[in-house]
Amino acid sequence: MSLQSGLDALKQKRYQEAVELLEQFCRNCVEHDSSDYLSAQMWLMKAYQATGEIEKAKILCQKLIISENPQARSWAEQASQSFRQTPAKQSNNIQKAGRAATNGMKLTMGGVGGSLALASGVTITLLFGMVLALGLSLVFILGSDNPLQGLAIAIGITLVFNLAAFFLSPLIMDLTQGWLYQTRWVELTEVETLSPETAKVIRQVCEQKKLKTPRLGIINDQNPTAFTYGSLPNSARLVVSQGLFTYLDDDEIATVYAHELGHIVHWDFAVMTVASTLVQICYLIYSTARRFGRGGDSKIKDAMQTAALIAYVFYVLGTYLLLYLSRTREYFADHFAAESTGNPNGLSRALVKIAYGILEEGSRTQEPSRLIEGTRALGIYDHKAAASTGTAYRIASDPQKIGRVFLWDMFNPWGWWMELNSTHPLTGKRVRALSTYAEQLGLPTEFDMGRVIGEGKSLSKSRLYGNFFLDVVLYGAETIGFLVGLVMGVILWSSSPNTGLVIGAPLIGLGIGILVKALVMFPDYKQVAETDILTLMSDPYASPLRGQSAKLEGQLIGRGDAGYKFGSDLKIQDRSGMFYLHYASRFGPIGNFLFGMKRVKSLIGEQVGAVGWFRRGVAPWMDLIQLQSENGTIVNSYHRFWSFILGCGSIILGVVLTMFLSR
């Protein structure tokens, strides 16, 4: 699509068509510093104004104001004055509910998030104990004649390793941040020009908590995010992206900085640095013991294999402890921001707008953001959860509509299950906690979570919980089938020595598990309901297991695989939102690679009809069945086919091995 066709539509006052043409040109343009791209951005801003999409126009204007092109920058500065007289379009413009007259009021958490001190203390103590026990076992196995000496060596190794990681990791992070994202370190005065209230909050918190001003960094990336790292509070780094200033208002930016300052005050980054190091030591001991357990003296070999198994169990447990600690610290940082700014509604709004910004930036590029992927655990918001919240904000001025997408977070048992593997609490739970702080301050809440809670209580409990425990079993059917087969094989082998049973039975169990799971995951799709993305994401009963067949009409806007130029997954966008389509070739991984290399690029930008099974986890997605473009191109995807092939193949292989090895 040419730039000129978009300009012609704009001149002829076909504004909606101009928006579509210019947006498509910007998505397809590779050189973002070119004059054509900047011209398209400038005229797209005018088209947004003409269609009443003032919020989008403001965002584009802010981007052009910081452009390195002096002509574009000057044009944007003049254009920004027009926003003072232009009323904002109601969609994408939540009416602010207000804030407390004073800040610093103590707010009770009401059990939200548990105890940060307890979570930190228990996690670190348990992890340190795990590492110490494993260190001792290895020292003794390697033949120390003096147990006290072995104890001293184990403690010394643990302490030295952790101290080195504690003090060196921030320096290593500085280098990687500069290399990967070109972080620019700035003074507080520069932040003040971008957000006056933020500078006020930083000075206030640092003075009250007797802290040095953190080292402040800005990354020139429009995906809104913020994160903190360091060793000690007085040497902490607080980094944000330029997108934070683009998508958020002044008071909202201040709450995000206050959230990150909460991490510094609570020593969260230091605790997480130590805890992460201890978990990694568990994995290191596991891999080392496994390697040394492959040969040599049988006694040492058996001991090493035992140590490797224990280390791996500790590694898995440690990972879940670390995730729990990470979620807890997010709740407490939100609480700190609400107290220190007196503006919990501002942080609620900021979280929703960050989700919207991530979604918007994702729709403008064909490749997922390396910054958002690389800082997922550190950032204020898990970008995997952005699709539902950002979609609702994009099209709805009514906070009740936005709140409806939080029903799944708060009431669906799969939300709790999926959250176990997440570094951040689900967005609905964070907004709910912030709403309770607003109520304590006597403020109205922007997202009527009371109404959401009321609607949630009226949901069908049988649909939510009736099959949940069975579904959890089915979700891990392959693993369960394999383990059951292994146990049965061992039992049968003990009574009738037959090596084939020990090898074949687990494969048969694996195959049966795959087939059973496939029957549940991929139901019949002959009766497909046509719908849109927001409707699917607002379904409180959605499941990551039981697929809901659906048909969507939208545009393919890019790949779904972060940093992978030959990725086969796609991003689809309709007028209500955006999510990912998962593709499966008939020829397996090789077919996926070839499809990503040869076909995907030509499909991007096409208007398509997509049929597939919708699923909802922390992030929503659709397992693709068929894709049909306007020019008649049909793409078929084979998720169900491969499940049956793998399941039947595993069973046949297990039977053959059992019969062959029994001879």
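Along each chain, residues carry numbers from 1 onward, in the same order as the chain's sequence is written. With pLDDT at 70 or above as the cut-off, local features in this predicted model cover only qualifying residues; side-chain atom pairs require 80 or more to be listed or tallied, and sums for whole chains, interfaces and linings still use all residues. Side-chain metrics in this entry use all non-hydrogen atoms of the structure; hydrogen atoms and water are not considered.

A. Structural view of the overall build of the chain. Per the convention used, a helix needs a DSSP run of H or I reaching at least four residues, while a strand needs a run of E reaching at least two, with both numbered from the N terminus. Along its length, the chain carries 29 helices and 11 strands. Long-range pairs, those at least 24 residues apart, make up 71% of the contacts in the chain between residues at least 6 apart in sequence. To be clear on the numbers: accessible area is Shrake-Rupley with a 1.4 Å probe, and residue cover counts the displayed protein chains and nothing else. Just so you have it, the chain exposes about 29,900 Å², and 60% of that area is on carbon and sulfur atoms. The contact criterion used is simple: two residues touch if any of their non-hydrogen atoms lie within 4.5 Å.

B. Main features of the packing of helix α1 (residues 3-11) against helix α2 (residues 15-28). Angles run from 0 to 180 degrees between N-to-C directions of axes, and those axes are lines fitted to C-alpha atoms, restricted for helices to the stretch in contact. Remark: α1 packs on α2, axes separated minimally by 8 Å, with the N-to-C direction vectors making an angle of 160°. Here α1 lies roughly antiparallel to α2, going by the angle between them. Crossing hand, α1 versus α2: left-handed. The segment α1 lies against α2, with Leu 3, Ser 5, Gly 6, Ala 9 and Leu 10 engaging Tyr 15, Glu 17, Ala 18, Leu 21, Leu 22 and Phe 25. Throughout, the term roughly parallel applies to angles under 35 degrees, roughly antiparallel to angles over 145, roughly perpendicular to angles from 65 to 115, and oblique to all others. Here a crossing is taken to be left-handed if its near helix is turned anticlockwise relative to the far helix by less than a right angle, and right-handed if that turn runs clockwise.

C. Just the nonpolar core, in detail. Only buried Ala, Val, Leu, Ile, Met, Phe, Trp, Tyr and Cys residues count toward a nonpolar core, and they belong to the same one when joined by side-chain atoms within 4.5 Å. With a 1.4 Å probe rolled over the protein chains alone, any residue whose accessible area is under 20% of its type maximum counts as buried; one over 50% counts as exposed, and the rest are partly exposed. Among the nonpolar cores identified, the biggest contains 112 residues, and Leu 244, Tyr 257, Tyr 381, Ile 572, Phe 579, Leu 581 and Leu 627 are the most heavily contacted of them. A total of 9 residues in this core trace back to one element, the largest contributor, which is helix α14 (residues 344-363). Core analysis: the next-biggest nonpolar cluster, separate from the first, contains 26 residues, Leu 10, Leu 38, Leu 44 and Ala 79 among them.

D. Structural context of the packing of aromatic side chains. Each Phe, Tyr or Trp ring (for Trp, its six-membered ring) is paired with any other whose centre lies within 6.5 Å, and the angle between the two planes then decides the class: stacked below 30 degrees, edge-to-face above 60, tilted in between. Evaluation of the coordinates by the stated rule reveals 11 aromatic pairs. Judged by centre distance (6.3 Å) and plane angle (20°), the ring pair of Phe 227 and Tyr 229 falls under stacked. Each of the two residues, Phe 227 as well as Tyr 229, counts as buried. Aromatic pair Tyr 583 and Phe 595: ring centres 3.9 Å apart, planes at 20°, arrangement stacked.

E. Quick peek at the pattern of salt bridges. Think of a salt bridge as a Lys or Arg side-chain nitrogen and an Asp or Glu carboxyl oxygen that are within 4 Å of each other. Applying the stated criterion across every chain yields a total of 14 salt bridges. For Arg 349, the salt bridge goes to Glu 252, with nearest N and O atoms at 2.5 Å. Separated by 97 residues along the polypeptide, Arg 349 in helix α14 and Glu 252 in helix α11 (residues 250-265) bring together distant segments of the chain. Classification of Glu 252 as buried rests on a relative accessible area of 0%. Residue Asp 334 pairs with Arg 430 through a salt bridge whose shortest N-O separation is 2.9 Å. One end of the pair, Asp 334, is in helix α13 (residues 298-341); the other, Arg 430, is in helix α20 (residues 427-440), and 96 residues separate them in sequence.

F. Highlighting unusual backbone geometry. Of note in this structure, Lys 210 is not a glycine but carries a positive phi near 55°. Along the chain, Lys 210 turns up in the loop between α9 (196-208) and β2 (215-219). The exposed category is assigned to Lys 210, whose relative accessible area is 71%. In this model, Trp 267 sits at a positive phi of 60°, which is unusual for a non-glycine residue. With respect to the helices and strands, the residue Trp 267 is situated in the loop between α11 and α12 (268-292).

G. Structural view of the confidence of the model for the chain. Values of pLDDT, ranging from 0 to 100, describe the predictor's confidence in every residue of the model. When the pLDDT values of the chain are averaged, the result is 79; 79% of them are 70 or greater. The spread of mean pLDDT over the elements of the chain runs between helix α6 (residues 116-141), the lowest at 61, and α11, the highest at 93. Segment residues 84-92 is flagged for pLDDT under 50; beyond a separation of four residues in sequence, or across chains, it makes 19 contacts in the model.

H. Quick peek at the environment of Ser 568. Along the chain, the position of Ser 568 falls in the loop between β6 (548-559) and β7 (570-574). In the structure, Ser 568 is positioned 29 residues away from Met 597 in sequence and 7.9 Å away in space, judged by C-alpha atoms.

I. Examining α9 more closely. Here α9 contains 13 residues, and its C-alpha end-to-end distance of 19 Å stays within 8% of the 18 Å for a straight helix at 1.5 Å per residue. Taken together, the buried positions of α9 are Glu 197, Thr 198, Ala 199, Val 201, Ile 202, Gln 204, Val 205 and Cys 206. Backbone geometry just after α9 places Lys 210 at a positive phi near 55°. Multiply 1.5 Å by the residue count of a helix minus one, and that product is the helix's expected span.

J. Fine view of the sheet that holds strand β3 (residues 226-229). Strand order in the open sheet made by the 4 strands is β1-β2-β4-β3, with mixed pairing throughout. Only two strands of the sheet have a single partner each, and these edge strands are β1 (184-186) and β3. Pairs of neighbouring strands in the sheet enclose a mean axial angle of 30°, with direction left out of account. At least two bridges found by DSSP between two strands are what make those strands a pair. Note that β1 and β2 share 3 bridges and pair antiparallel. Bridge assignment links Val 186 to a residue of β2, and that residue is Leu 216.

K. Structural context of the pairing of β7. With 5 of 5 residues buried, β7 lies mostly within the body of the structure. Residues Leu 570, Ile 572 and Asp 574 of β7 are buried on one face, and the alternating residues Lys 571 and Gln 573, pointing to the opposite face, are buried as well. Pairing analysis gives 5 bridges linking β7 to strand β8 (residues 577-582), with the strands arranged antiparallel. Looking across to β8, one finds that Asp 574 is bridged to Gly 577. Once β7 ends, the chain turns through 2 residues before running back antiparallel as β8.

L. Quick peek at the packing of helix α3 (residues 35-51) against helix α5 (residues 70-79). α5 packs onto α3 with a crossing angle of 5° between their chain directions and a minimal axis gap of 11 Å. In terms of their interaxial angle, α3 and α5 are classed as roughly parallel. Contacts between α3 and α5 involve Leu 38, Met 42, Met 45 and Lys 46 on the former and, on the latter, Ala 72, Trp 75 and Ala 79. Ten residues, namely Ala, Val, Leu, Ile, Met, Phe, Trp, Tyr, Cys and Pro, are considered nonpolar, four, namely Asp, Glu, Lys and Arg, are considered charged, and the remaining ones, Gly among them, are considered polar. Along the lines of polarity and charge, the residues of the contact of α3 with α5 split into 6 nonpolar, no polar and 1 charged.

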